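# Examining the three-dimensional arrangement
What follows is the residue order along each chain.
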Amino acid sequence: MGLFDKALDASVLFSFDRSGFERHARRFVEADLRVSMQGKVVLVTGANSGLGFSTARALAALGATVHLLCRDEARGQAAVERIKAELPSADVHLSRLDVSRLSDVRRFVEGFRGSVDVLVNNAGVLPDTLTRTEEGHEVTFATNVLGPYALTEALLPRLVLSKGRVVTVTSGGMFTQKLDLTTLQGEVKRFDGVVAYAQTKRAEVILSEQWAVKHPDVTFSTMHPGWADTPAVRSSLPRFYRFTKGILRTPEQGADTIVWLAVTPRLTGKSGLFWFDRAPVSPHLVGWTKETEQQREALARLVEKAATR
Ligand SMILES: NC(=O)c1ccc[n+]([C@@H]2O[C@H](COP(=O)([O-])OP(=O)(O)OC[C@H]3O[C@@H](n4cnc5c(N)ncnc54)[C@H](OP(=O)(O)O)[C@@H]3O)[C@@H](O)[C@H]2O)c1
């Protein structure tokens with residue numbers, strides 16, 4: 001990489017934006033996405049809009065059987081119909097799943113028959129007020145960490161059998177945070193949605209690294225999409241959106257690395273990594289955000305306990 005590219009990447013703005021994607025895409029290998037996914041079963045959470053929708057559509061276009069796991073039946077059905085209208089032979093299905101509710105995760109997994117080759121943990125939220133689910137968990141934590149953890153754990157036997165992949169969508173927002181279990185669970189005097197969100201994304205990366213060590217038959221990846229123009233960015237970060245709307249990535253560009261991680265043959269021996277624009281990157285931009293081994297273990301214990309309660 002040249003000095004100019006390094007400087008642009010260090011600016012963050014000209015890396016996470018559309019120009020960053022276009023610059024990074026010059027090193028993409030086009031043939032990487034010319035993979036047949038015929039016979040492969042893919043599950044995508046939060047697939048009715050934004051990056052999840054783009055991911056589901058792209059994987060359906062490659063021939064995969066794609067299950068869109070959506071919390072709202074009507075929005076989910078509309079997404080399935082949109083894909084079928086564009087790709088009449090697409091094998092796409094809707095399943096209702098509110099990933100923030102452990103009881104719903106259990107209901108979904110018990111009712112879902114058959115194998116799983118790829119799980120994409122994409123659903124995510126960034127609420128600006130502290131709310132708890134009826135199961136008592138802060139909503140950001142429940143949606144972004146606990147539900148995906150429970151879903152992944154419950155599907156692991158099938159993913160091991162298929163030597164499958166788990167791709168988890170995190171966020172560059174986590175670069176500003178060091179793991180803090182108190183904040184992660186919403187046990188704070190003043191709730192800051194952006195901090196809570198970044199904490200959950202940091203936690204997702206650590207959990208994925210831990211799974212990669214424990215389950216060598218499955219390939220675990222986390223990625224961040226840069227900044228893409230999706231409903232979440234418009235509604236959760238209106239000021240950020242006003243400032244950046246002209247330079248945001250398209251949802252397809254934001255989803256590119258998710259799709260690539262789901263299909264590329266280049267992942268052999270590369271589990272537990274954090275990716276950006278089809279390249280592995282460090283999950284830390286600065287040293288002070290690095291957590292200790294004890295903090296990592298405490299996170300694993302906390303999430304396991306909360307998920308099995
Ligand atoms: N766009 C970006 O620039 C950006 C940057 C960094 C990270 N991300 C991450 O990318 C992922 C996708 O976000 P997006 O930008 O594509 O936003 P989006 O268009 O709002 O998509 C979020 C999806 O998650 C679903 N969802 C939320 N809570 C759910 C729940 N409890 N159960 C099931 N589904 C749920 C939403 O469903 P409803 O339609 O029913 O609300 C929606 O389908 C998120 O994890 C986000 O943190 C995005």
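This is a predicted model, so every value here is computed, not measured.

Rules behind the numbers
Residues numbered from 1 in each chain as written. Predicted model: local features only at pLDDT ≥ 70, side-chain atom pairs only at ≥ 80, totals over all residues. Heavy atoms only, no water. Near = heavy atom within 4 Å. Polar contact = N/O pair within 3.5 Å; in protein donor to acceptor, adjacent residues only side chain to side chain. Areas by Shrake-Rupley, 256 points an atom, 1.4 Å probe, with all protein chains shown as cover. Helix = DSSP H or I, 4+ residues; strand = E, 2+ residues; numbered from the N terminus. Nonpolar A, V, L, I, M, F, W, Y, C, P; charged D, E, K, R; others polar. Pairing = 2+ DSSP bridges. Axes fitted to C-alpha atoms, helices over the stretch in contact; angles between N-to-C directions. Contact = heavy atoms within 4.5 Å. Buried < 20%, exposed > 50% of the residue type's maximum accessible area, 1.4 Å probe, protein only.

Near the ligand, the surroundings consist of 29 residues, among which S49, N122, Y197, A228 and T230 are the closest. Taking L51, its main chain carries an N or O atom lying 2.8 Å from an oxygen atom of the ligand. Between a nitrogen atom of the ligand and a side-chain N or O atom of D98, the distance comes to 2.8 Å. In the complex, the protein chains occlude 92% of the 890 Å² of accessible area that the ligand would expose alone. When contributions to the shell around the ligand are tallied by element, the ones reaching two or more residues are α4 (50–61), α9 (193–214) and α10 (231–236). Considering each element in turn, the shell around the ligand owes the most residues, three residues, to α10. Classifying every residue of the shell around the ligand gives 13 nonpolar, twelve polar and four charged.

In spatial order, the strands read β3-β2-β1-β4-β5-β6-β7-β8; together these eight strands make up an open sheet with mixed pairing. Taken across any chain shown, the strands that pair with only one partner, and hence form the sheet edges, are β3 (91–96) and β8 (279–281). Geometrically, the sheet is characterised by an average inter-axis angle of 25° between neighbouring strands, direction not taken into account. One ladder, built from five bridges, connects strand β1 (residues 41–45) with strand β2 (residues 65–70); its direction is parallel. Across the sheet, residue V44 finds its bridge partner in β2, namely L68. Running at roughly 140° to β3, helix α6 (residues 102–111) makes contact with β1, β2 and β3 of the sheet. Here helix α12 (residues 251–263) sits on the sheet and contacts β4 (118–121), β5 (165–169), β6 (219–223) and β7 (273–276); the angle it forms with β5, its principal contact strand, is near 165°.

Our next topic: the side chain of T55. Structurally, T55 can be placed in helix α4. With a relative accessible area of 0%, T55 lands in the buried category. Among all residues touching T55, those that are not within four sequence positions of it are V44, V120, A255, I258 and V259.

Attention shifts here to the environment of S19. If you trace the backbone, S19 turns up in helix α3 (residues 18–24). Using a relative accessible area of 32% as the deciding quantity, one classes S19 as partly exposed. The spatial distance from the C-alpha of S19 to the C-alpha of N121 is 26 Å, given a sequence separation of 102 residues. Polar side-chain contacts of S19 include one of 2.9 Å to the side chain of D17.

Moving on, we come to the pairing of β7. Pairing of β6 with β7 involves three bridges; the strand directions are parallel. Among the inter-strand pairings, T222 is bridged to a residue of β7, identified as F274. Examined bridge by bridge, β7 and β8 share three bridges and lie antiparallel to one another. For F276, the partnering residue across the bridge sits in β8 and is A279. The loop that links β7 with its antiparallel partner β8 comprises two residues; one of these, D277, has a positive phi angle of about 50°.

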